[in-house]
Amino acid sequence: MVAVVQRPHVAVFCLPLLIAAGVMPMPDPKRRDALIQLEASQQTGGQIVLSDLEKLLDARLYQMKQDEMANAHFPPAMHFFKAKPLIERSPIFSLLQKMPKGGALHVHDLAMGDPEWLVKNVTYRSNCYMCVTDKQAVRFIFSSGQPAPAPNCSAWMLMETLRNKLVNVTDLDNSILANMTLFTDDDPEALYPHQAVVWERFQMNFMAVMGLITYAPVFRDYYYHGLSQFYKDNVMYLEIRALLLQTYELDGSTHDSVWALQTYGDVTKRFISDHPDFFGSRFIFIVHRTMDSAALKGVVKKAIKLQKDFPDLMVGFDLVGRVDDGKPLWYFRDALSLPSQMGVTLPYFFHAGETNLEGTDVDQNLLDAILFNTSRIGHGFALTRHPLARELSRKRGVAVEVCPISNQVLKLVDDLRNHPAATLMSQNHPMVISSDDPAMFGSSGLSYDFYEAFVGFGGNRSNLGTLKQLAINSILYSALKPELQNKALDAWERKWDTFVSENAFQKPNCVYGNFICAYPNMLPWKKLFNSAAVL
């Protein structure tokens, strides 16, 4: 049988000739403008109607972005470790730090605080011991006496004794700090040439901090410190992926997951007492995706009980770890089906699509996550390659937790202008911005990731409405019950109005009437800046 080839209609080939010959009229400029506006309305925040004050602030932002994009060294096009000092000098970043960002919905418990605080504060505490592994990584433990030898590690050294032997402890502290974060002043592309290398170092970082953070007094202090980091960055609510690891006391006695969750609740209450405008935290219980299915059944049952016993703290369950190295969600289908078989609800918040390997078993995690009714999708980097999963997540309101810096540092994408979330943002796909493991990446809070999303993903089109919608999304797609969402939105809106009013009435860096630095239809400039004194 001869295949039939569908050929384009002859008019397609003749179209340029017809236009050149004057047969076909040029498109109506008004219709073109209407199409541009229609397309812009379909992006994240495109339906938001800005107030006059918001339009003034939006014009400032637009000008700032023009200056930023004209810079020869454009931060989103660079590795974050190189871009960080440029970002910190950016007026956009300064504004984003002041902006109330709502909630951070994808943050890990062992990487939410400042690693320098661990070095300068925690390792200087009494009874802190360190050993060095055969891979030149560090481990820590607190003990009232000489700890038992650890496998593949040197003899334990008391930090106080070690520092007393040194003339200059700065090099030691810097070396310890380098073991707790991926951030480096060296060339990151050379240091981490591919994903296997950066993920191995990433996992070693977690091992370095674990012995410190799981010491019960530090466990409390580190969590409070982590909340302070986000609160300082104008984040009012967190949903934290928590391993709920066994913690220990100085005498070697231990506490279980119940104690960890109770302690998180107690510290959260204390933080709210100290900061009444902080809305609180919820926790997503996590385990590593390398375990076998039989073991996961016991973990899922444990998660069900924890949620039943702590309904105001524990909101769901997730599997974590490098997706490409772990088992796919479908492997765990029997364990993950237990809640429905038991007639109970255990919300899932699955990491899925954190890969650029198309067509593998783990690449199917996106569809499987949706089949298991995931409440949100962690990362979802591969979502644009799965049109059905993308459509289903849109229809069901399953938001993607986008973590720009994490995706770049862990080598899924080099230039953040090419991040798949740029496409999702242009289509107003359900989305929130979060920071994943800021302590490991040299960032903090949410402002760095908001900068990368706003300037890198959004290009010239993203505006104040985009930022506003992303902040609102962080509450609408949270695990808070509807009545608490409404309360949180009211509290956030008050902060937002204050932010706008405090930042809208600042003199622009262009003269009135020069619309290079403002949108052409910015009539509020004429209404609100009609005083020569203001201008």
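About the thresholds
Numbering of residues starts from 1 in every chain and runs along the sequence as written. Since the coordinates come from a predicted model, pLDDT governs what is reported: local features require at least 70, and pairs of side-chain atoms require 80 or more to be given and counted, while whole-chain, interface and lining totals use all residues. As a convention, hydrogens and water are excluded, and side-chain values are obtained from all of the structure's heavy atoms. In this scheme, strands are said to pair when DSSP sees at least two bridges between them. For the purposes of this entry, the term helix denotes a DSSP run of H or I that reaches at least four residues, the term strand denotes a run of E that reaches at least two, and both are numbered from the N terminus. A clockwise course of the path from the first strand over the helix to the second, judged with the strands pointing away from the viewer, identifies a crossover as right-handed. The criterion is simple. A nonpolar core is a set of buried Ala, Val, Leu, Ile, Met, Phe, Trp, Tyr and Cys residues joined through side-chain atoms within 4.5 Å. Three exposure classes are used, based on accessible area relative to the maximum for each residue type with a 1.4 Å probe and protein chains only: buried under 20%, partly exposed in between, and exposed over 50%. When checking whether two residues touch, look at their non-hydrogen atoms; a contact exists if any pair is within 4.5 Å. Take the number of residues in a helix, subtract one, and multiply by 1.5 Å to get its expected span. Planes of paired rings set the category: under 30 degrees apart is stacked, over 60 is edge-to-face and the rest tilted, where pairs are Phe, Tyr or Trp rings (Trp by its six-membered ring) whose centres lie within 6.5 Å. When the NZ atom of lysine or the CZ atom of arginine is within 6 Å of a ring's centre and also within 35 degrees of its normal, the charge is said to sit over that ring. Two cysteine sulfurs form a disulfide in these notes if their separation is within 2.5 Å. We count a salt bridge whenever a side-chain nitrogen from Lys or Arg sits within 4 Å of a carboxyl oxygen from Asp or Glu.

Draft legend 1. Seen up close, the pairing of strand β11 (residues 376–379). Looking at chain direction, strand β10 (residues 351–352) and β11 are connected through two bridges and run parallel. What sits directly across from His351, in β11, is Gly378. The β-α-β motif built from β10, the intervening helix α16 (residues 365–371) and the parallel element β11 has right-handed crossover chirality. Here β11 pairs with strand β12 (residues 399–402) via three bridges, running parallel.

Draft legend 2. Local environment of the nonpolar core. Grouped together as the largest cluster of nonpolar side chains are 146 residues, with contacts concentrated most on Leu296 and Phe317. Those residues in contact with Phe317 that lie beyond four places of it in its chain are Ile284, Phe285, Val287, Leu296, Val299, Val300, Ala303, Leu336, Leu346, Pro347, Tyr348 and Phe349. The next biggest cluster of nonpolar side chains, apart from the first, holds five residues, and it includes Ile284, Ile286, Val320 and Phe349.

Draft legend 3. Local environment of helix α10 (residues 195–213). Taking 1.5 Å of rise per residue, 19 residues should cover 27 Å, and α10 covers 26 Å from first to last C-alpha, within 8% of that figure. Three or more residues of α10 are buried, namely Gln195, Val198, Trp199, Phe202, Met204, Asn205, Phe206, Ala208, Val209, Gly211, Leu212 and Ile213.

Draft legend 4. Structural context of the packing of aromatic side chains. Scanning the entire structure with this criterion turns up 27 aromatic pairs. A centroid spacing of 5.9 Å and a plane angle of 20° characterise the contact between Phe202 and Phe441, whose relative ring orientation is stacked. Taken together, the positions of Phe202 in helix α10 and Phe441 in helix α20 (residues 438–441) put the pair 239 residues apart, joining distant regions of the chain. Neither Phe202 nor Phe441 differs from the other in exposure class; each is buried. Chaining the aromatic ring pairs together yields one cluster made of Phe80, Phe81, Phe93, Phe183 and Tyr448. The lysine or arginine in question, Lys65, covers the ring of Phe454, its NZ or CZ lying 3.7 Å from the ring centre. Positioned over the ring face of Phe183 is Lys84, at 5.0 Å from the centre of the ring.

Draft legend 5. Seen up close, the state of the cysteines. For the structure shown, the criterion picks out one disulfide. In this model, Cys131 is linked to Cys153 through a disulfide, with the two sulfur atoms separated by 2.0 Å. Residues Cys131 and Cys153 are joined by a disulfide whose S-S torsion is about 90°; by sign, that bridge is right-handed. Of this pair, Cys131 sits in strand β2 (residues 128–132) while Cys153 sits in the loop between β3 (138–142) and β4 (157–158); the two residues are 22 residues apart in sequence, bridging distant segments of the chain. You'll find Cys131 and Cys153 in the same group, each marked buried. Free of any disulfide, Cys128 has its nearest cysteine sulfur in Cys131, 11 Å distant.

Draft legend 6. A look at the pattern of salt bridges. All chains considered together, the criterion is met by 20 salt bridges. In this structure, Lys84 and Glu88 form a salt bridge, with 4.0 Å as the shortest nitrogen-oxygen distance. One end of the pair is Lys84 and the other is Glu88, both in helix α4 (residues 80–88) and four residues apart, which spans about a single turn. Within this structure, Glu239, Arg241, Asp318, Arg376 and Glu401 form a network of salt bridges that share partners.

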